[in-house]
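# Structural overview for review
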Amino acid sequence: MKKGKLIRTAYKAMSVLLIGFGLIYGLTMPIPAIPMLGHSWRNLLYHVPMWYTQIILLLVSGWHSIQYLQKAKPESDIRAAQAASVGIMFGILGLVTGIVWSRVTWGAAMANDNFSAWWAWDPKQIFALILLLIYLAYFLLRDSFNEPTQKAKISAVYNIFGAALIIPMYYIIPKAMGGLHPGSGEEGIMATLGNLGSYRAIFYPVVLGFILLAVWIWEIRVRFRIAEHKILEADL
Amino acid sequence: MSFVTEVGALLKKEILLEWKQKYAINGLLLYVASMVFVIALAFRQEISPVAWNVVFWIIMLFVAINAIAKSFMGESEGQSLYLYTLAGPHAVLASKMLYNALLMVITGFITLFAFVFFSPVHMGDPWMYCGVVLLGGLGFAANLTLVSAIASRAQNKATLLAVLSFPLTIPMLLTAISAGKNAIDGLDRSFSLDELLFLGVFIVIIAMVSFILFPFLWRE
């Protein structure tokens, strides 16, 4: 019991430290200007971790939905729903930071090119928006039931079905169009930053920090919902 | 009863039911005809082949949602309860999926003929386009059958079906649009091989996932 508490305190402290370190050091450290991006690629520290965090939370949500279908524990349903909702939050943050970044970098060019200056039609951007639509629909589905076990079961089925469709989507959308992201998915972002090795040592800890922060938010929401669930059950 | 005879009997029941209450299929045909006519009227002769292809697939999307919506919502609760005592979940899903596939392929071709009739387009490779329509119809049926089963349990069925299915059909819709464009441009068929392969694999994966998930859903 005591060990569990230590771990819970430790990961929260670590999350604060890592994100705080990323915020302060990432904004103040001297960095080389990359052609075209200039110094705007400091945003890497805030934009890219959102994506990692969102994917991990959605995977966790799918895993708890599978658990629910196997064991039918209400806690699994609460965990799945809350992971999806925190995932949506990080997805929105990822979209917003991405839009700001592309606006700063390509805004002028896109406006001249008869394109929307705010929406770049980048595959990863489209993919993020589709994920958002799928999981917002998941919450609409949850709101459409009154009976709790029916709601839990049917939304778990939809969650797994949606997650199964995400994988083919990840292959087909980047193929359908070129993009703004480095490496177009083949080499990944780190290949572009290959000769900026020291930045890598900051990037991964910040990613970890945001993931821990998401787990923290998720834990709080899960505890709140479980308490609420117990009160409702006691009332009945 | 073996699985195959169960599916056969259920499929026969679906078709007979459809034949008896003609309003469903007639309603769908009228829906296709009016939608195609309105769109052709709005575009007149100004539609480019690229836009024609995209508009065709958007029509297909709406027709599919309308057609497949009925597959689980058409039955009353008593009816489905009786049905579920007679057959297993996999037979029920298989029969619905096959029926939807049949319905989508037929209405897909009717939509294609109606659209070509009202606003002709020069097709480089018409047979290839028919092949894409065939695969696309199967894809819609595979994709939307389970979603329709999910939505039919909820209170706001119609909105929910549309909202749930739009994001989930995007991969196959994009693939069908790009394969269709290749066919209209009359490109060599080897260029579309990737797309057709993807559609095929996609249908198989979706059908498999649906079969795994449906037993959790069907008695709810």
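What counts, and where the lines are drawn
- Residues numbered from 1 in each chain as written.
- Chains lettered and ligands numbered in written order.
- Predicted model: local features only at pLDDT ≥ 70, side-chain atom pairs only at ≥ 80, totals over all residues.
- Heavy atoms only, no water.
- Helix = DSSP H or I, 4+ residues; strand = E, 2+ residues; numbered from the N terminus.
- Buried < 20%, exposed > 50% of the residue type's maximum accessible area, 1.4 Å probe, protein only.
- Areas by Shrake-Rupley, 256 points an atom, 1.4 Å probe, with all protein chains shown as cover.
- Patch = residues over 30% accessible without salt bridge, like charges linked within 9 Å, V, L, I, M, F, W, Y side chains within 5 Å.
- Salt bridge = Lys/Arg side-chain N within 4 Å of Asp/Glu carboxyl O.
- Contact = heavy atoms within 4.5 Å.
- Buried area = accessible area lost by both parts, 1.4 Å probe.
- Polar contact = N/O pair within 3.5 Å; in protein donor to acceptor, adjacent residues only side chain to side chain.
- Nonpolar A, V, L, I, M, F, W, Y, C, P; charged D, E, K, R; others polar.

## Brief notes about the overall build of chain B
Helix and strand counts for chain B come out as eight helices and zero strands. If you list the helices and strands of chain B from N to C, you get α-α-α-α-α-α-α-α. The proportion of buried residues among the 220 residues of chain B is 52%. Summing over all exposed atoms, chain B offers an accessible surface of approximately 10,300 Å²; the carbon and sulfur share of this is 72%.

## Quick notes on a nonpolar patch on the surface
Residues and elements named next belong to chain B. Taken together, the side chains of Ile15, Leu29, Leu102, Ile106 and Ile110 define a hydrophobic patch exposed on the protein surface, amounting to about 390 Å² of accessible area. With three residues, the top contributor of residues to the nonpolar patch is helix H5 (residues 89-118). Within the secondary structure, Ile110 sits in helix H5.

## Observations regarding the pattern of salt bridges
All names here are of chain A. Throughout the structure, instances matching the rule amount to eight salt bridges over all chains. Across the pair Arg79 and Glu219 runs a salt bridge, and its minimum N-O distance is 3.4 Å. With a gap of 140 residues between them, Arg79 in helix H3 (residues 74-112) and Glu219 in helix H7 (residues 197-235) connect regions that are remote in the sequence. Notably, a salt bridge pairs Arg225 with Glu228, separated by 3.2 Å at the nearest N-O pair. Of this pair, Arg225 and Glu228 both sit in helix H7, three residues apart, which is roughly one turn of the helix. Owing to a relative accessible area of 30%, Arg225 belongs among the partly exposed residues under this scheme.

## A word on the interface of chain A and chain B
With 25 residues of chain A in contact, the opposing surface of chain B contributes 27 residues. Between chain A and chain B the total buried area reaches about 2,500 Å² when both faces are included, carbon and sulfur atoms providing 81% of it. Here chain A and chain B share zero salt bridges between them. Applying the counting criterion to the chain A and chain B interface returns zero residue pairs in polar contact (both at pLDDT 80 or more). Elements supplying a minimum of two residues to the side of chain A that touches chain B: helix H4 (123-143) and helix H5 (148-176) of chain A. Counting residues per element, the side of chain A that touches chain B draws most heavily on H5(A), which supplies 15 residues. Residue composition of the side of chain A that touches chain B, grouped by class: 19 nonpolar, four polar and two charged.

## Some words on the side chain of Ser144(A)
Relative to the helices and strands, Ser144(A) resides in the loop between H4 and H5. The class of Ser144(A) is buried, set by a relative accessible area of 4%. Here Ser144(A) is in contact with Ala154(B), Gln155(B), Asn156(B) and Leu160(B), once residues within four sequence places are set aside.

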